[in-house]
Amino acid sequence: MSLSTRPQIVQAQGSPSSRILATGHVRGSRVVSNEEMCTMIDSTPEWIEQRTGIKERRWATEEETPRSMAVEAGRKALAKLGLSGSDVDAVICATVSHHRPSPSLATYVAHDLGAFTAAAFDTNAACAGFCYSLNLADAMIRNGSAATVLVIGVEKLSEMINIADRGTAFLFSDGAGAAVVGRSESVGVGPAVWGTASDQVETIEIEDWSQVAGHPEQNHPLIAMDGRAVYKWAMTTVTAKAAEAIEKAGITPADLDVFIPHQANDRITDALLRHLKLPESVTVCHDIADMGNTSAASIPIAIDRMLERGQAHSGDLALIIGFGAGLVYAGQVIVLP
Ligand code: UT7
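Small disclaimer: the values here were computed from a predicted structure and weren't measured. (Residues numbered from 1 in each chain as written. Predicted model: local features only at pLDDT ≥ 70, side-chain atom pairs only at ≥ 80, totals over all residues. Heavy atoms only, no water.)

### Looking at the pattern of salt bridges
Right, so step 1: Counted under the stated rule, the structure contains 13 salt bridges.
Right, so step 2: For Lys76, the salt bridge goes to Glu72, with nearest N and O atoms at 3.8 Å. Separated by four residues within a single helix, Lys76 and Glu72 lie in helix α3 (residues 66–79), roughly one turn from each other.
Right, so step 3: A relative accessible area of 38% means that Glu72 is categorised as partly exposed.
Right, so step 4: One salt bridge connects Arg142 with Asp138, and the closest N-O pair in it is separated by 3.0 Å. Within this pair, Arg142 and its partner Asp138 are both found in helix α5 (residues 129–142), separated by four residues, close to a single helical turn.
Right, so step 5: Given the relative accessible area of 3%, Asp138 is considered buried.
Right, so step 6: Each of Arg27, Asp287, Asp290, Arg305 and Arg309 takes part in salt bridges that share partners, so that together they form one network. (Salt bridge = Lys/Arg side-chain N within 4 Å of Asp/Glu carboxyl O. Helix = DSSP H or I, 4+ residues; strand = E, 2+ residues; numbered from the N terminus. Buried < 20%, exposed > 50% of the residue type's maximum accessible area, 1.4 Å probe, protein only.)

### Thoughts on a positive patch on the surface
Right, so step 1: On the surface, a cluster of positive charge is made up of Arg51, Arg228, Lys232 and Arg267.
Right, so step 2: Secondary-structure assignment places Lys232 in helix α7 (residues 227–248). (Patch = residues over 30% accessible without salt bridge, like charges linked within 9 Å, V, L, I, M, F, W, Y side chains within 5 Å. Areas by Shrake-Rupley, 256 points an atom, 1.4 Å probe, with all protein chains shown as cover. Lys, Arg positive; Asp, Glu negative; His and termini not counted. Charge placed at Lys NZ, Arg CZ, Asp CG, Glu CD.)

### Section: the domain arrangement of the protein
Right, so step 1: As assigned here, the protein comprises domain 1 (17–184) and domain 2 (193–335).
Right, so step 2: Its C-alpha centre places domain 1 at a distance of 14 Å from the equivalent point of domain 2.
Right, so step 3: In this complex, domain 1 contributes 49 residues to the contact, which on the side of domain 2 involves 45 residues.
Right, so step 4: Contact between domain 1 and domain 2 buries roughly 3,800 Å² in total, counting both sides, with carbon and sulfur atoms accounting for 63%.
Right, so step 5: Counting the surface domain 1 buries against domain 2, the share from its top three residues, Cys127, Cys131 and Tyr132, is 16%.
Right, so step 6: In this assembly, domain 1 and domain 2 are joined by two salt bridges.
Right, so step 7: Notably, a salt bridge pairs Lys80 with Asp304, separated by 2.9 Å at the nearest N-O pair. (Domains from an automatic or database assignment. Contact = heavy atoms within 4.5 Å. Buried area = accessible area lost by both parts, 1.4 Å probe.)

### Let's talk about the sheet that holds strand β5 (residues 119–123)
Right, so step 1: With mixed pairing, the five strands of this open sheet are ordered in space as β1-β7-β6-β4-β5. Taken across any chain shown, the strands that pair with only one partner, and hence form the sheet edges, are β1 (17–27) and β5. Taken over all neighbouring pairs, the strand axes of this sheet differ in orientation by 20° on average, direction set aside.
Right, so step 2: The sheet contact formed by β1 and strand β7 (residues 174–184) spans 10 bridges and is antiparallel. Paired with Ser18 across the strands is Arg183, a residue of β7.
Right, so step 3: Contacting β1, β6 (148–156) and β7, helix α9 (residues 298–309) crosses the sheet at an angle of about 85° to β1. (Pairing = 2+ DSSP bridges. Axes fitted to C-alpha atoms, helices over the stretch in contact; angles between N-to-C directions.)

### Quick word on the site of the ligand
Right, so step 1: The ligand sits among 22 residues. The nearest are Ser43, Arg51, Arg228, Asn265 and Asn293.
Right, so step 2: One nitrogen or oxygen atom from the side chain of Trp47 is found 3.4 Å from a nitrogen atom belonging to the ligand.
Right, so step 3: Contributing elements (two or more residues each) for the shell around the ligand: α2 (45–52), α7 and α8 (266–276).
Right, so step 4: Each residue belonging to the shell around the ligand can be placed in one class, and the counts come to 10 nonpolar, seven polar and five charged.
Right, so step 5: Of the domains in this structure, domain 1 (17–184) and domain 2 (193–335) are the two that each give at least three residues to the shell around the ligand. (Near = heavy atom within 4 Å. Polar contact = N/O pair within 3.5 Å; in protein donor to acceptor, adjacent residues only side chain to side chain. Nonpolar A, V, L, I, M, F, W, Y, C, P; charged D, E, K, R; others polar.)

### Some points on the sheet that holds strand β8 (residues 193–196)
Strand-to-strand pairing in sheets goes through backbone hydrogen bonds, with the strands running parallel or antiparallel.
Right, so step 1: The strand order across the open sheet built from five strands is β8-β14-β13-β11-β12, with neighbouring strands paired in mixed fashion. In the strand order of this sheet, the two ends are held by β8 and β12 (283–284), each with one partner.
Right, so step 2: Relative to strand β14 (residues 328–335), strand β13 (residues 317–324) runs antiparallel, the two being bridged by eight bridges. Bridge assignment links Ile321 to a residue of β14, and that residue is Gly331.
Right, so step 3: Of the strands in this sheet, β11 (258–261), β12 and β13 are in contact with α8, which crosses β11 at around 130°.
Right, so step 4: Its contacts with the sheet place α9 against β11, β12, β13 and β14, and it is angled at close to 150° to β11.

If you want it as C-alpha cells, here you go:
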C-alpha cells in the first residue's frame, strides 16, 4: 500500500488555550517555630530567619499523608467550581514524597476523589514539579487529550529531613497545593521555559531505599543538598530563565502584577527580584515566612494563599518559576484564577 492510500489518522481537536480555573491548598497542621527547630539542631532562630526568611514551618502529623493532603487540596479546588472528581479527565501529582514506586500517588488520589476513569500519573521534577506539570496540563488541554486536569503539588518533606545536617534541616515543610486547569478562549498559561543543568545533577539528592536499609533507625530516605551551590546557580541560570519566561509570554516586567517564585529562600527571591528589575508595583510572594520550603507544593500553596489573603487577585498576571533537584527549572507567566 502506498503512503497516499494508507488510512490517515486524525488528530484530536483541543481548546485554543488553557487557564487555571481554581486553586486549593492544605498545610501540615503542626506549627514548628524556629525556636522549636533550634531544640533539634545547633542554630539560632535569628540565624534561620536572617538567612532564609523562615520564621516557622508546617509539619504534617502521622495521619496527614501525601495522599490525604493531595486529596484535600484537590477537593477544595474542585469545590470552588462546583465540580467533583468525576469531572476530571486527568490527575497529575508533582511530588518527591510518594515512597511507593508503583502505582503512582495520582492513581490513589484519583480513586479517593472519585475520578475513577481519569488518566493519572506522577511527575518528579522536584521543586519545579508544579511548573513542569502545569506545562503538561496546558499541552494536554490544547491537544485535546483532556478538558479538565487536576494538577497537585504535594510533599511531606519532614519525614526526609536529615536532622544531623544543620545546614538544611530547618528548611523543609509539608503541604499540598492543587490547581484545576481547564479550557479557555484566552491564553491563561504562557509558554514554559524549562530545562536542566545536569552537570549539577548531584547537588540535591534524596537517598534511595538501599541506602536507608543500612540505617535501621531511619524510616525514610533523607535529603542531602549543597545549599550554597543551589544558591549560586539560582542567581545566574534561574534569573536568566525567569527573564526568558516573561519575554516568551510577550510581555514586559512592568506588565506583571505578581511574582511567585519557588519558596526556597527569601534571599533568593530578593536577588531574583533585583536581577529581573521588577518594578515596585509587582507584589512579591514571601509565603516561606510561615510555611518553609514545600518543594513541588510551594507555588500552588502560595498562589492559593495570596488569593485568599487578597495579596493577589483573579485575572492578575503572575510569573511563577520553580527550581530544584536535578538541577531542574521551569517557569511561565500565568493568569491567576
Ligand atoms: O528547594 C530546593 C532548592 N534549594 C534551595 O534553593 C536552597 C538554596 N540554598 C539556601 O537557601 C542556602 O544556601 C541555605 C539557607 C541552605 C544556607 O545558607 P547559606 O547562607 O548558603 O549558608 P552556608 O551553608 O554557606 O553557611 C554559612 C555559615 C557556615 O559557617 P562558616 O563556614 O561561614 O563559619 C555554616 O557552618 O553558616 C553556618 N551554618 C549555620 N549556622 C547557624 C550553616 N547552617 C547553620 C545553622 N545555624 N543552621
